[in-house]
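# Analysis of the macromolecular model
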Amino acid sequence: MRTIRIAATALIVCTALAACAGQEAGDGPTTPTPTGASPVTELPTPDPTGSAPAPSPSDPVDPTAPTTRPTVRPSAPSKPPATAEITLTGRIESGVEPGCLLLDGYLLLGGPRDVLSAGASVTVTGRPDPTMMSTCQQGTPFVVASARRG
């Protein structure tokens, strides 16, 4: 039984070596090409007159093309248009996160905290700023300019 295993292993190794040798037979010495890569082509010999050789259609890069790249200037960050101040009146609700206060779908940011508290009826003046980031996860940010109980 052991002899059969050795013979089978030797047969597999010989078959693999013969297959590898058969691929290169008759081609002469070549450099193996990775799977999926295109074969390497030789570059044209330089012209003794000094002129640049014409690129062949298979060349991916034109050697006579300029090597400079166009300058791309980043545009200035656009500032959102300023919104007019508005006045909101109503009862303040607590948000889902601690310290977050909501009034009519707006997240109240800034303002006097002694006036702005959950359950208080207030009138606030300020401006919405939907681009502002917050950890409160709800409501449109509203920057409070002034607030009074009402």
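What comes next concerns the included structure. (Residues numbered from 1 in each chain as written. Predicted model: local features only at pLDDT ≥ 70, side-chain atom pairs only at ≥ 80, totals over all residues. Heavy atoms only, no water.)

### Looking at the overall build of the protein chain
Just so we agree on the cut-off: Secondary structure elements are taken from DSSP: a helix is a run of H or I of four residues or more, a strand is a run of E of two residues or more, and numbering for both begins at the N terminus. When checking whether two residues touch, look at their non-hydrogen atoms; a contact exists if any pair is within 4.5 Å. Areas reported here follow the Shrake-Rupley algorithm with a probe of radius 1.4 Å; residue values treat only the protein chains shown as occluding.
Scanning the protein chain for helices and strands turns up one helix and six strands. Taken from N to C terminus, the helices and strands of the protein chain fall in the order α-β-β-β-β-β-β. Counted over contacts in the protein chain with a minimum sequence separation of 6, partners at least 24 positions apart contribute 55%. Here the protein chain has roughly 11,900 Å² of accessible surface; of this, 60% comes from carbon and sulfur atoms.

### What about the pattern of salt bridges?
This is how it is decided: Here, a salt bridge means any side-chain nitrogen of Lys or Arg that lies within 4 Å of a carboxyl oxygen of Asp or Glu.
Under the counting rule described, the total for this entry stands at one salt bridge. Taking the shortest distance from any N to any O, the salt bridge between Arg127 and Asp129 comes out at 3.8 Å.

### Section: the environment of Met132
Defined as follows: The rule is simple: take the accessible area with a 1.4 Å probe, protein chains only, and divide by the maximum for that residue type; under 20% is buried, over 50% is exposed, in between is partly exposed.
By the secondary structure assignment, Met132 is in the loop between strand 5 (121–128) and strand 6 (140–149). With relative accessibility at 33%, the residue Met132 sits in the partly exposed group. Between the C-alpha atoms of Met132 and Val143, which are eleven residues apart in sequence, the distance is 9.4 Å. With sequence-adjacent residues up to four places away left out, Met132 is seen in contact with Leu109, Pro141 and Val143.

### Some thoughts on the pairing of strand 6
What counts here: We treat two strands as partners when DSSP finds at least two bridges between them.
Relative to strand 6, strand 4 (residues 106–109) runs parallel, the two sharing four bridges. Across the sheet, residue Leu108 finds its bridge partner in strand 6, namely Phe142. Bridge analysis of strand 5 against strand 6 gives seven bridges, and the strand direction is antiparallel. Residue pairing for strand 6: Gly126 is matched across the bridge by Val144.

### Some points on the sheet that holds strand 5
A sheet is described by the order of its strands in space; here six strands give the open sequence 1-5-6-4-3-2, paired in mixed fashion. Two strands in the sheet have a free side with no partner beyond their single neighbour: strand 1 (86–91) and strand 2 (93–94). Relative to strand 5, strand 1 runs antiparallel, the two sharing six bridges. What sits directly across from Arg91, in strand 5, is Ser121.

### Details of the nonpolar core
Rules: Nine residue types can take part in a nonpolar core, namely buried Ala, Val, Leu, Ile, Met, Phe, Trp, Tyr and Cys, and a core is a set of them joined through side-chain atoms within 4.5 Å.
Of all hydrophobic cores here, the largest spans 13 residues; its most connected members are Leu108, Leu116, Val122, Val124 and Val144. For this core, the secondary structure elements donating two or more residues are strand 3 (101–103), strand 5 and strand 6. In terms of residue count, the dominant contributor to this core is strand 6 (three residues). Beyond its immediate stretch of four places on either side in the chain, Val122 contacts Leu88, Thr89, Gly90, Ile92, Leu103, Val115, Leu116, Arg148, Arg149 and Gly150.

Taken by themselves, the reported measurements are silent on function.
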